[in-house]
Amino acid sequence: MTSTQLAPPATRAGAAPAVAVRGLGKSYGGRTVLDGLDLEVRRGECFALLGPNGAGKTTTIEVLEGVRRRDAGEVLVLGEDPAVAGRDWRARIGVVSQGEGAGQELSVRETLDHFAHYTATPRPTAELLAAVGLTEQAGTRVGRLSGGQRRRLAVALGVQGDPELVFLDEPTTGMDPAARRQFWQLVRDLRTGGTTVLLTTHYLDEAAELADRVGVVAGGRLVEVAPPAELGADLRRVATVRWREDGGWREVRTETPSVVLRDLLAATLHEVQGLSVTRPGLEDVYLQLVGATPQGDQR
Amino acid sequence: MTAVLTDRPAPPSTARIALARTALELRLFARERQQVVFAFAYPVVMMVIFASVLGDEERPGEIPFAQYFLAGIAATGIMLISFQAVGTAVATEREAGQLERLQVLGTPPVAYFAGKAGLVLVSVTAQLALLLPVARYGFDVPMPVDLAHWATFGWVAALGALAGTVLGVAVSALPGSASSTTTAVSAFAIVLQFFSGVFFGFLELPGWMQQLAALLPLKWLTQGMRSAFLPEQAGAFEVAGGWEHGRTALVLVAWVIIGTVICMRTFRWRRAEG
């Protein structure tokens, strides 16, 4: 990156990041979960925290939501420290949680109507129902909703107060493919509407589908941040040229596959058997990133 | 840093949320039939059984058994609806993740407690409105004789319900699953009834049991109820030879304060950190 003039933060409050985290640390009973995690989420983007189970994604989100204490690091969410921020701050964030609403015996509409009392700026219930596709289920008791419908109700509750920033923690875990696609559309609509979205997922396709930028978490740190298409750019530059020769497979890993090919073809008069050139897919890159976490330099 | 500019209006007041919580609690209560039946039926069923079986017996001071028992079972009903029901409900709601939602919405804990108290108030009133006529017309138990006795009945019931509610919230903070909390609270409530002179005359209990019970609110709630329902001279058969209204109020208020302090120190929206 070329050197850029740093704008004085006070005069550009609107452009300040939605989330700014530096050196976040957290351990449970001696087990380190977060080990100096840095993170920046820009206003208006959809950012996915991607990582395997136990990488520290949920802990990170919970610290940002102000429901879990951190051991170390600086955290600013919408310009305030979540550990001490008050109700005015809470009104500006939305949390889509796994837990149920207010009770199994309450209908979807009653649940939304109830929680409308907690915010000064509730979106109309009918509008919310339509936005998450639950208009037909408005009269259904929450206890009788399917898993996917329940998750959509959770989204409706998360955005009810018209938040500037929405947290989604593994929102599609356990959903069937059709429900997942519907859900993705919901998240896209949110982002289109100008809401900043921070989601965690351990599904690569979900991150690729939804996020403007993906942050890969492994070993309690952010090991890479990039738009999905550019994730692991260094790793992806290496292609593998593979062919059969003398009854066995030969494989060359190179950043210049065309040069390798030109030499190979020039040296061979007949057809090269089983020739292929492959580059690592997103999944390969991800697995390498997650597996390639440096173990040696942990404090 | 409070310099961030927002044109959002201030969040709704605690009172407004408390009101919404109370309406919600009542609606949910009415829909959970088991809970309704148990809460309302238990004291009435016990009244009918005990008064039918032991109806001919008398308590010291020539008090018919049914009259003595009404005071005890009314007190028990209040404890079940406040202490037991609130304790198990809070633990269950926490386990289901409902309280996490309240936390992320920035709900003042007091508003949540107020909703519970509102439910207790309404359901205690309804329960007593069912129990008293059954005792009066089914078993000829006289009602409080004058306004002063009704007033005693009122403040004893209110203080008992309040103490039960805060202690219910307090006990929900015990570690363990919601079902283990439910079991522990129910077992404790049953034993406490026997210790506190609900079923047996308090004077018939062994001394150590009396002394233990005297530290806890149910004994005082029961005694206060007797002072409202029993004739004045029956006070002579209490441990202290009188109704001890001052001490009753003192102990119940003390428990309200103790319970509130425990709540403020131990109340959690979520399960303990793993």
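This text goes with the structure placed above it.
Throughout what follows, the structure given in this document is the object of discussion. The structure presented is a predicted model; accordingly, all values stated were derived computationally and were not measured.

**Notes on the overall build of chain A**
- When helices and strands are counted, chain A shows ten helices and twelve strands.
- When the 299 residues of chain A are sorted by exposure, 47% land in the buried category.
- Restricting the contact set of chain A to residue pairs at least 6 apart, pairs at least 24 apart contribute 64%.
- As presented, chain A carries roughly 14500 Å² of accessible surface, and 49% of it is formed by carbon and sulfur atoms.

**Overview of the packing of aromatic side chains**
- All chains considered together, the criterion is met by 13 aromatic pairs over all chains.
- Summarising the aromatic geometry, the rings of Phe115(A) and Tyr118(A) are spaced 5.2 Å apart at their centres and angled 45° between planes, so their arrangement reads as tilted. Summarising the burial analysis for this pair, Phe115(A) and Tyr118(A) share the class buried.
- Ring geometry for Phe153(B) and Phe229(B): centres 5.6 Å apart, planes at 85°, overall edge-to-face. Linking Phe153(B) in helix 6 (residues 147–171) with Phe229(B) in helix 9 (residues 217–229), this pair joins segments that are 76 residues apart in sequence. We note that Phe153(B), like Phe229(B), is buried.

**What to know about the sheet that holds strand 12 (residues 273–278) of chain A**
All names here are of chain A.
- The strand order across the open sheet formed by three strands is 11-10-12, and the pairing between neighbours is antiparallel. Sheet topology places strand 11 (248–254) and strand 12 at the edges, where each strand pairs with a single neighbour. Ignoring strand direction, the axes of neighbouring strands in this sheet form an average angle of 15°.
- Those strands touched by helix 9 (residues 257–267) are strand 10 (239–245), strand 11 and strand 12, and its axis lies near 20° from that of strand 10.

**Some points on the interface of chain A and chain B**
- Contacts between chain A and chain B engage 43 residues on the former and 31 residues on the latter.
- Summing both partners gives a buried area of about 3300 Å² for chain A against chain B, and 54% of it is carried by carbon and sulfur.
- Of all residues in chain A, Arg87(A), His117(A) and Tyr118(A) bury the most surface against chain B, accounting for 22% of the area lost on that side.
- At the junction of chain A and chain B, the tally comes to four salt bridges.

**Structural notes on the nonpolar core**
- Core analysis: the largest hydrophobic core is formed by 128 residues, its most contacted members being Leu168(A), Met47(B), Leu70(B), Met225(B) and Phe229(B).
- Take this core: its biggest share by element is 16 residues, from helix 3 (residues 65–95) of chain B.
- Every residue in contact with Leu168(A), bar those within four places of it in the chain, is listed here: Ile61(A), Val96(A), Val155(A), Phe183(A), Val187(A), Val197(A), Leu198(A), Leu199(A) and Thr200(A).

What counts, and at which threshold
Residues numbered from 1 in each chain as written. Chains lettered and ligands numbered in written order. Predicted model: local features only at pLDDT ≥ 70, side-chain atom pairs only at ≥ 80, totals over all residues. Heavy atoms only, no water. Helix = DSSP H or I, 4+ residues; strand = E, 2+ residues; numbered from the N terminus. Buried < 20%, exposed > 50% of the residue type's maximum accessible area, 1.4 Å probe, protein only. Contact = heavy atoms within 4.5 Å. Areas by Shrake-Rupley, 256 points an atom, 1.4 Å probe, with all protein chains shown as cover. Phe/Tyr/Trp six-rings, centres within 6.5 Å; stacked < 30°, edge-to-face > 60°. Pairing = 2+ DSSP bridges. Axes fitted to C-alpha atoms, helices over the stretch in contact; angles between N-to-C directions. Buried area = accessible area lost by both parts, 1.4 Å probe. Salt bridge = Lys/Arg side-chain N within 4 Å of Asp/Glu carboxyl O. Core = buried A, V, L, I, M, F, W, Y, C linked by side-chain atoms within 4.5 Å.

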